[in-house]
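As a plain string of letters, each chain reads:
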Amino acid sequence: MIEEKKKEIELQISGMHCATCAITVEKGLSLTPGVKESSVNLATGKARVSYDPALVSIKDLTGAVEKSGFEVTFEKAIIRVGGMTCASCVQAVTRALEALEGVISVDINLATDRAYISYNPSLVDIRTIRDTINNAGYHFLGTDRDKDDEIERQRDKELKNQLLRIIIGFGLSLALMGMMFVPFYDMQLISYLQFLITTPVLFWLGSPIFRAALGALRNKTLNMDVMYAMGIGVAYLASVLGTFSIVLDKSTLFYETALMLTAFLSLGRYLEARAKGRTSTAIMSLIGLQADSAFVIREGVEKGIPIQDVIPGDIIRMRPGGRIPVDGIVVSGSSYVDESMVTGEPLAVLRESGQEVIGGTLVTTGSFNYEATRVGSDTMLARIIRLVEEAQGSRPPVQRLADYAVAWFIPVVLLISILSFSYWYGIRGMDLRFSLQTLIAVLVVACPCALGLATPTAVTVGIGRGAELGILIRNGSILEIADKISVALFDKTGTVTKGKPVVTDIDTFTGNQELLLSMAASLEFLSDHPLSTAIISKANEEKIEPTEVTSFETITGSGLFGVVTGGMVRVGTRDFLSSQGLLLKPEEELIVTNREKEGKTAVLVSRDNLILGLISIADEIKPEAEKCVRLLNEMGIRSGMVTGDNHVTARAVALMVGITDVFARILPEGKEQEVVKIQNEGKVVAFIGDGINDAPALARADTGIAIGSGTDVAIESADIVLVRDSLVHVPASLQLARKVMGRIRLNLFWAFAYNIILIPLAAGILYPTILFRPEYGAFAMALSSVTVISLSLLLKRYNPPALDYYLKPEMSESEDEIDPICGMTVNPKTAKFSSDYMGKTYYFCNRGCKEIFDKNPEQYKK
């Protein structure tokens, strides 16, 4: 009788809230073919499953849980791997790790030498992962939780040893070449001497290459180390056989070639490692911002403690020049704080009582006390570091092209090298030395390293540069999508506008302004709508107290009603009032329409069957909104705005900022539908928002961009997060994406061009015009990788043109004028729009404001 194989696994389930959830998951797992037994523990959120691995896989179990409406969560680890030199190495490590039971996914970034692994800890652990990497012929350097300085010391030590090997290798190879020019030399003696010098040095210098090649062969994979080992081995073996006259003669001595090849290959890896180390400087800079200690006040006593001991609620004292240890809110004092390292804002900002401060930023002047709110991994800086690290480990779809090429690369190169040797030696009748030379040259000049580095180096540097500018890109694939954006759809409130509405006008139809404001404030006091705050603030300013309301009800997106002092009061839009049977007179209709044309929201108030008047509310447009839209237009991106406001108000606001497409009267749940409609037209859509109700649209859009001042829900749903509350960073983020994608394409072009041109040259296609020696091939190979990395490193200096608005401020506050329409400050020297009226020049921030003024200058001149 054959005993059935049986394995047990624990799955961490998320989303279970009650016993019914646990039963649903248990049932879904039990019905999966191959599952023997399953039990779910609601308290721990874990499912223990006994299954037959021959019939069911972990992927099947995960799918069964997901079909039940829940998710399986796995442990994640970031592993540092040493010894990877090309895309073939990446594939070898990936295959070795994916073969481990319990490893769910593996993503490797060659530029940073990091492997991003999702795994099930009940089946595999870090020790097993370590052994697998080492057995594959590479080096497990630790996880990202290990101390960075210790890993850096180990890396520096390896680089110094490598440099020593290179110097000795080049020195001795030049000495071997010099021997060939010694007059009256004895060839037999020289060959023995070269053998004795070369043998120990070659194996010492090339030991990393040979070890990696053996590891690859043990794992039944071909990588570039195998190719290089073959090239060096052929040169050395031919030399040894020639030295001792076994089959070959003295004409096949390649000792200096073998040694110089190894030295050049080592030099290429040394330069590559140095350059790759610079691609992650953005992360290292962010980590360097973290303070080591904090001065907290506990029980009235100030004392310094390690940052790990700070807890939420601690009062922390800050002095000039100090680095803020954790996030918090100022409780007393004030100071200018340099936040440039986190937000990209070049100027220090004033932080005073009640305002938030960010951990890692620098206090410049003044001192203050603040209360810690987020500590440890919850601080903004820690979240940024985590987000950037994960994004740098992701792979854009364009990487698939390089992966496909690499999969065929080595077999094709091996075939070319053999055909080259056969052609020159067997068909053309060239001597053995020349034929071996072409074989070796093809083996060492071919390089998928540049192909493997083209995408990850650009992604790593580009995402790091974005973090320095306050642009957080969640995933490398977003870069490729953002590069194709054709429509940018903005939420209005809090995105195009500041999200702080204020009452601008009160028009009473009965002559009793106090009654109008009192009735409105009484109902709005019970509402959570953003406009409610503006009306209540106005009532407080006028010292009007809200009155008790009974039978209160709210109609989402329309209005409110309730009984106040015995009368039925209604507050809302004109459509809401007309649906209740209350119609405006023609002269009242005109007042409402004029207010809406000014870009204001008209809130009508009625009591019983009498319309008391309207309260006009305006939300100030962000000063950089018009520039943002203009820059997007220049990039060929069409702008649209979605809002719950009526069409007249929405179009007035859109006109002020230059937006052409307006989607008005859209309820919160309708934003996602508008995104889908535009996508169905074949457009690639970016949605820009900041609120909780923007989250579905942000998630649905091809690229969701969340403004930094937004809610956590919006930020979690977005693909790009702007740390600063600045719309100019929207075109800047898309400019950065286009730049990075352009650099990836350039890198791939050079990587392909290098191999397409040099492999035929090495095979002797232009002989006798050009004879491509193996040493030249090794040098060219090293140069190709360094070139690609250097092109990527140029992104570190890239400043999106959109940010010139902040990096080179042109406005002088002393010369500012006020735009009479929107109230924004405008510098007369740089203003593009102006109008002369009754001997005075009025300046405007955009064409829309000028057109509104020109229609009725008498109304707005004050």
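Note on numbering: residues in each chain are counted from 1, in written sequence order. A pLDDT threshold of at least 70 governs which residues receive local features in this predicted model, and a stricter bar of 80 or more applies before side-chain atom pairs are shown or counted, although totals over entire chains, interfaces and linings include all residues. In computing side-chain values, all of the structure's heavy atoms are included and hydrogens and water are not.

At a minimum axis separation of 9 Å, helix α15 (residues 449–468) and helix α28 (residues 774–793) run at an interaxial angle of 15°. When the interaxial angle is binned, α15 and α28 end up roughly parallel. Crossing hand, α15 versus α28: right-handed. Taking contact as the criterion, the partners of Cys-449, Ala-450, Leu-453, Ala-454, Thr-457, Ala-458 and Val-461 in α15 are, on α28, Ser-784, Ser-785, Val-788, Ile-789, Ser-792 and Leu-793. For helices, the fitted line uses only the C-alpha atoms of the stretch in contact; every axis is such a line through C-alpha atoms, and the angle between N-to-C directions lies from 0 to 180 degrees. Strands here mean DSSP runs of E at least two residues long; helices mean DSSP runs of H or I at least four residues long; both are numbered from the N terminus. Just so you know how the angles are binned, under 35 degrees is roughly parallel, over 145 roughly antiparallel, 65 to 115 roughly perpendicular, and the rest oblique. Take the far helix as your reference; a near helix turned counterclockwise from it by less than a right angle gives a left-handed crossing, and one turned clockwise gives a right-handed crossing. Contacts are assigned to residue pairs that have any heavy atoms within 4.5 Å of one another.

Each strand in a sheet pairs with its neighbour through backbone hydrogen bonds, running either in the same direction (parallel) or in the opposite one (antiparallel). At least two DSSP bridges between two strands are needed for those strands to be called paired. Spatially, four strands are ordered β2-β3-β1-β4 in an open sheet, and the strand pairing comes out antiparallel. Two strands close off the open sheet at either side, each with one partner strand: β2 (35–41) and β4 (71–73). Taken over all neighbouring pairs, the strand axes of this sheet differ in orientation by 35° on average, direction set aside. Alignment of β2 against strand β3 (residues 46–51), held across six bridges, turns out to be antiparallel. In the sheet register, Ser-38 faces β3, and the bridge partner there is Val-49. Against the sheet, helix α2 (residues 58–67) makes contact with β1 (7–14), β2, β3 and β4, and its axis sits at roughly 35° relative to β1, the strand it touches most.

This brings us to helix α19 (residues 530–541). The span one expects for a helix is its residue count, reduced by one, times 1.5 Å. The end-to-end C-alpha distance of α19, which contains 12 residues, comes to 18 Å, matching closely the 16 Å that a straight helix rising 1.5 Å per residue would cover. Taken as a whole, α19 has its buried residues at Leu-531, Ser-532, Ala-534, Ile-535, Ile-536, Lys-538 and Ala-539. Tucked inside the fold, the buried residues of α19 contact β18 (502–508), α18 (513–524), β22 (601–607) and β23 (610–618). Count one or two residues on from α19 and you reach Lys-543, which has phi positive near 60°. Note on classification: 1.4 Å probe, protein chains only; a residue is buried when its accessible area is under 20% of the maximum for its type, exposed when over 50%, partly exposed between these limits.

Time to look at the pattern of salt bridges. Salt bridges are defined by distance alone: a side-chain nitrogen of Lys or Arg within 4 Å of a carboxyl oxygen of Asp or Glu. Per the stated rule, a full pass over the model turns up 28 salt bridges. As a salt-bridge pair, Lys-538 and Glu-541 come within 3.6 Å of each other at their nearest N and O atoms. A residue pair is termed a helical-turn pair when its members lie 3 or 4 positions apart in one helix, as Lys-538 and Glu-541 do in helix α19 at three residues. According to the relative accessible area criterion, Lys-538 is buried, its value standing at 18%.

With that out of the way, let us pick up the packing of aromatic side chains. Whether two aromatic rings pair depends on their centres lying within 6.5 Å, for rings of Phe, Tyr and Trp, where Trp uses its six-membered ring; planes under 30 degrees apart make the pair stacked, over 60 edge-to-face, and the rest tilted. In this structure the tally under the stated criterion is 11 aromatic pairs. Ring geometry for Phe-203 versus Phe-210: centroids 5.6 Å apart, planes at 40°, classification tilted. Residue classification places Phe-203 among the partly exposed positions, given a relative accessible area of 42%. Phe-210 sits in the buried class, given a relative accessible area of 18%.

Turning our eyes to something else, we now look at unusual backbone geometry. Omega for the peptide link from Tyr-767 to Pro-768 comes to 10°, which places this bond in the cis form. With respect to the helices and strands, the residue Pro-768 is situated in the loop between α27 (729–762) and α28. Positive phi values are uncommon outside glycine, yet Lys-543 reaches one of about 60°. If you trace the backbone, Lys-543 turns up in the loop between α19 and β19 (549–555). Classification of Lys-543 by relative accessible area gives exposed; the value is 72%. A positive phi angle is found at Thr-565, which is not glycine, with a value near 45°.

A few words on the pairing of strand β6 (residues 103–109). Here six bridges tie β6 to strand β7 (residues 114–119), and the two strands are oriented antiparallel to one another. Each bridged residue has a counterpart across the sheet, and for Asp-107 the counterpart in β7 is Tyr-116. The hairpin formed by β6 and β7 contains four residues between the paired strands, and Asp-113 there has a positive phi angle of roughly 60°.

For the rest of this paragraph, the subject is the environment of Val-201. Within the secondary structure layout, Val-201 lies in helix α6 (residues 187–205). In this structure Val-201 comes out as buried when scored by relative accessible area, which is 14%. Residues Val-201 and Gly-169 lie 32 residues apart in sequence; the distance between their C-alpha atoms is 7.3 Å. When near neighbours in sequence (up to four residues on either side) are disregarded, Val-201 contacts Ile-168, Leu-172 and Leu-259.

What follows deals with the sheet that holds β19. An order of β18-β23-β22-β21-β20-β19 is seen for the six strands of this open sheet, with the pairing classed as antiparallel. The outermost strands of the open sheet, each flanked by one partner alone, are β18 and β19. Ignoring strand direction, the axes of neighbouring strands in this sheet form an average angle of 15°. Pairing of β22 with β23 involves seven bridges; the strand directions are antiparallel. In the sheet register, Ala-602 faces β23, and the bridge partner there is Ser-616. Across the face of the sheet, α19 comes into contact with β18, β22 and β23 while running at roughly 70° to β18.

Before going further, it helps to examine the environment of Ala-534. Here Ala-534 lies in helix α19. Between the C-alpha atom of Ala-534 and that of Ala-521, which follows or precedes it by 13 residues, the distance is 9.5 Å. If near-sequence neighbours (up to four positions away) are discounted, Ala-534 is found in contact with Pro-501, Val-502, Val-503 and Ile-617.

Another point: the packing of helix α14 (residues 432–445) against α28. Running from N to C, α14 and α28 cross one another at 5°; their axes reach a closest spacing of 8 Å. It follows from the interaxial angle that α14 and α28 lie roughly parallel. Residue-level inspection shows Gln-437, Ile-440, Ala-441, Val-444 and Val-445 of α14 in contact with α28, the latter providing Pro-774, Gly-777, Ala-778 and Met-781. The residue makeup of the contact of α14 with α28, split by class, is seven nonpolar, two polar and no charged. Residues were grouped as follows: Ala, Val, Leu, Ile, Met, Phe, Trp, Tyr, Cys and Pro as nonpolar; Asp, Glu, Lys and Arg as charged; and all remaining residues, including Gly, as polar.

So, on to the environment of Arg-570. Positionally, Arg-570 belongs in strand β21 (residues 567–572). With relative accessibility at 14%, the residue Arg-570 sits in the buried group. Within the local environment of Arg-570, its side chain forms a polar contact with the backbone oxygen of Asp-608, the two atoms lying 3.4 Å apart. Here a polar contact is recorded for every N or O atom pair within 3.5 Å, except that within protein the pair must consist of a potential hydrogen donor and a potential acceptor, and residues adjacent in sequence are included only if both atoms are side-chain atoms.

Glancing now at the nonpolar core. Grouping buried Ala, Val, Leu, Ile, Met, Phe, Trp, Tyr and Cys residues that are joined through side-chain atoms within 4.5 Å yields what is termed a nonpolar core. Counting residues in hydrophobic clusters, the biggest one holds 156 residues, and the most contacted among them are Ile-79, Met-84, Ile-129, Tyr-138 and Phe-490. Broken down by element, the residue count for this core peaks at 15 residues, all from α27. Discounting residues that sit within four places of it in the chain, Ile-79 has contacts with Asp-113, Arg-114, Ala-115, Ile-117, Ile-126, Ile-129, Ile-133, Phe-140, Gly-142 and Thr-143. If you look at the next biggest cluster of nonpolar residues, it comprises 23 residues, including Ile-544, Leu-560, Val-569 and Ile-615.

Mapped onto the elements of the fold, Asp-483 is located in the loop between α16 (476–482) and β17 (487–491). When neighbours within four sequence positions are excluded, Asp-483 is seen to be in contact with Ala-737, Arg-738, Met-741 and Arg-745.

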